[in-house]
Number of protein chains: 2
Amino acid sequence: MTERDKGPRVRQIPSGDNRERLVCPDCNYVAYENPKIVVGVVATWEDKLLMCRRAIEPRLGYWTLPAGFLEMGETPEEGAAREAWEEARAELEIIDLLAVYSLRHISQLQLFFRARLSSPNVSAGPESEEVGLFTFDDLPDTELAFPSVHWAIQHFQDVRGMSSFAPFRNPAGHTGKMHRGR
Amino acid sequence: MTERDKGPRVRQIPSGDNRERLVCPDCNYVAYENPKIVVGVVATWEDKLLMCRRAIEPRLGYWTLPAGFLEMGETPEEGAAREAWEEARAELEIIDLLAVYSLRHISQLQLFFRARLSSPNVSAGPESEEVGLFTFDDLPDTELAFPSVHWAIQHFQDVRGMSSFAPFRNPAGHTGKMHRGR
């Protein structure tokens, strides 16, 4: 949280609460911060995986899976399908819940769904520089955008052909924190 | 959202965004609203289920499962265990993810975990009028607090003895909306 000179900017415990919140000293508005939900897809056409190269920060230029923040009033499946459309103009059918990752250092809960593309016609939306369909042994030859993108791709391969399984969680000992220098 | 006369109170689309947000006309602070994550437990001691009678609105006086909003920096399992402590002074071990319910009309994603109580010593925390351990054929003889409490208890019984399963979602056709008059 950056320092502000207006709006909610003072950390204090509101009356009746038991945690510090960000409060506006001018009007006493309390900006409750809650963990956010990210929804994404591991979407395939035949044996190929849909990936997007990011046109926005963070990690501009790196390849990722279609994913973004769940919006108000959406089911997770709807949000994941919307993100696939916004980032890759992809139409798809959600199959099932692949993984639930907890990134506590940034207070994110990430839900990745398996999905089947309705057609191979995909193209870059405004947040992508390019999009592509890649076979799993020929994924983009660069570092991926985030640790959880690696996890989801690996976990997807771990359950190919399976129709019912407990969704994956973070790989043991992994928090999803980026290493320095990346 | 109630009308306010100060703080974020004007709905408009911030520049670079594509949805209406609540903005403060005095300082231009944007109060982004995101769906919230509720974490709870279906926790047992031997063949008995832990339940709490609510001491707070909504649904004051009705029986429920320990559950509440995930806080910043918590994993879902930590949040669920914290809620069980706050509401029922229960110590427990989280087992696995039972269900992921989407309550889109209130923009909540609810995660319920199966859990094993470390002891039958439970007592009401500040948000509970009383707590109790009930056999499944002798649950509280009153209406329960929320539809998803019903769902979680039923789903728990559906997978007794199973160690790996895809977590349940909303029962078909159910949104979790409360019926009028309840």
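These numbers come from a predicted model, not from an experiment.

**Some points on the packing of aromatic side chains**
All names here are of chain B.
Piece 1. The full count for this structure, using the stated rule, is 11 aromatic pairs over all chains.
Piece 2. Ring centres of Tyr101 and Trp151 lie 5.0 Å apart, and the angle between their planes is 75 degrees; this geometry places the pair in the edge-to-face category. Placement of the pair is Tyr101 in strand 8 (residues 92-103) and Trp151 in helix 2 (residues 147-158), with a sequence separation of 50 residues.
Piece 3. Residue classification places Tyr101 among the buried residues on the basis of a relative accessible area of 0%.

**So, the relation of the copies chain A and chain B**
Piece 1. By a simple turn and slide, chain A fits onto chain B: the slide is 0.0 Å along the axis, the RMSD is 0.1 Å, and the turn is 180 degrees. The symmetry that links the two subunits is that of a two-fold axis. Nearest to the rotation axis, the C-alpha of A:Ala166 is located 2.2 Å from it, this being the minimum over chain A.
Piece 2. With an isologous cut-off of 70% or more, the 100% of interface residues of chain A that recur at the interface of chain B puts this contact in the isologous class.

**Quick look at the sheet that holds strand 1 (residues 10-12) of chain B**
Residue and element names in this part refer to chain B.
Piece 1. Here three strands make up an open sheet; going across it, the order is 1-2-3 and the pairing antiparallel. The sheet is open, and its two borders are formed by strand 1 and strand 3 (30-31), each paired with just one other strand.
Piece 2. As paired elements, strand 1 and strand 2 (residues 21-23) share three bridges and run antiparallel to each other. When the sheet's bridge partners are listed, Arg11 is paired in strand 2 with Leu22.

**Structural notes on the pairing of strand 9 (residues 108-117) of chain B**
All names here are of chain B.
Piece 1. Counting buried positions along strand 9 gives nine out of 10 residues, so the element sits mostly inside the fold.
Piece 2. Pairing between strand 4 (residues 36-45) and strand 9: nine bridges, direction parallel. Residue pairing in the sheet places Val39 in a bridge with Leu111 of strand 9.
Piece 3. Inspection of the sheet shows strand 8 paired to strand 9 by 10 bridges, in the antiparallel sense.

**Regarding the environment of A:Gln110**
Residues and elements named next belong to chain A.
Piece 1. Its location among the elements puts Gln110 in strand 9 (residues 108-117).
Piece 2. Distance in space between the C-alpha atoms of Gln110 and Val100 is 5.6 Å, their sequence separation being 10 residues.
Piece 3. Apart from residues no more than four positions distant in its own chain, Gln110 is found in contact with Val38, Ala99, Val100, Tyr101, Leu103 and Ser148.
Piece 4. Among the polar contacts listed, one links the side chain of Gln110 to the side chain of Gln108, at a separation of 2.9 Å.
Piece 5. In terms of polar contacts, Gln110 uses its side chain to reach the side chain of Ser148, at 2.6 Å.

**Description of helix 1 (residues 76-88) of chain B**
Residues and elements named next belong to chain B.
Piece 1. When the terminal C-alpha atoms of helix 1 are compared, their 18 Å separation across 13 residues agrees well with the 18 Å that a helix rising 1.5 Å per residue should span.
Piece 2. Listing the buried residues of helix 1 in full gives Pro76, Gly79, Ala80, Arg82, Glu83, Ala84, Glu87 and Ala88.
Piece 3. Remark: Arg89 follows helix 1 within two positions and exhibits a positive phi of approximately 50 degrees.

**Details of the interface of chain A and chain B**
Piece 1. Across the contact, 39 residues belong to chain A and 39 residues belong to chain B.
Piece 2. Carbon and sulfur atoms supply 57% of the area that chain A and chain B bury against each other, a total of about 3,500 Å² over both sides.
Piece 3. Remark: the boundary between chain A and chain B carries eight salt bridges.
Piece 4. Between B:Arg21 and A:Glu71 there is a salt bridge, with its nearest N and O atoms 3.2 Å apart.
Piece 5. Counting residues per element, the ones that place at least two in the side of chain A that touches chain B are strand 4 (36-45), helix 1 (76-88), strand 8 (92-103) and strand 9 of chain A.
Piece 6. Looking at which element gives the most residues to the side of chain A that touches chain B, the answer is helix 1 of chain A, with five residues.

Rules behind the numbers
Residues numbered from 1 in each chain as written. Chains lettered and ligands numbered in written order. Predicted model: local features only at pLDDT ≥ 70, side-chain atom pairs only at ≥ 80, totals over all residues. Heavy atoms only, no water. Phe/Tyr/Trp six-rings, centres within 6.5 Å; stacked < 30°, edge-to-face > 60°. Helix = DSSP H or I, 4+ residues; strand = E, 2+ residues; numbered from the N terminus. Buried < 20%, exposed > 50% of the residue type's maximum accessible area, 1.4 Å probe, protein only. Least-squares fit on C-alpha atoms with pLDDT ≥ 70 in both. Contact = heavy atoms within 4.5 Å. Pairing = 2+ DSSP bridges. Polar contact = N/O pair within 3.5 Å; in protein donor to acceptor, adjacent residues only side chain to side chain. Expected span 1.5 Å × (residues − 1). Buried area = accessible area lost by both parts, 1.4 Å probe. Salt bridge = Lys/Arg side-chain N within 4 Å of Asp/Glu carboxyl O.

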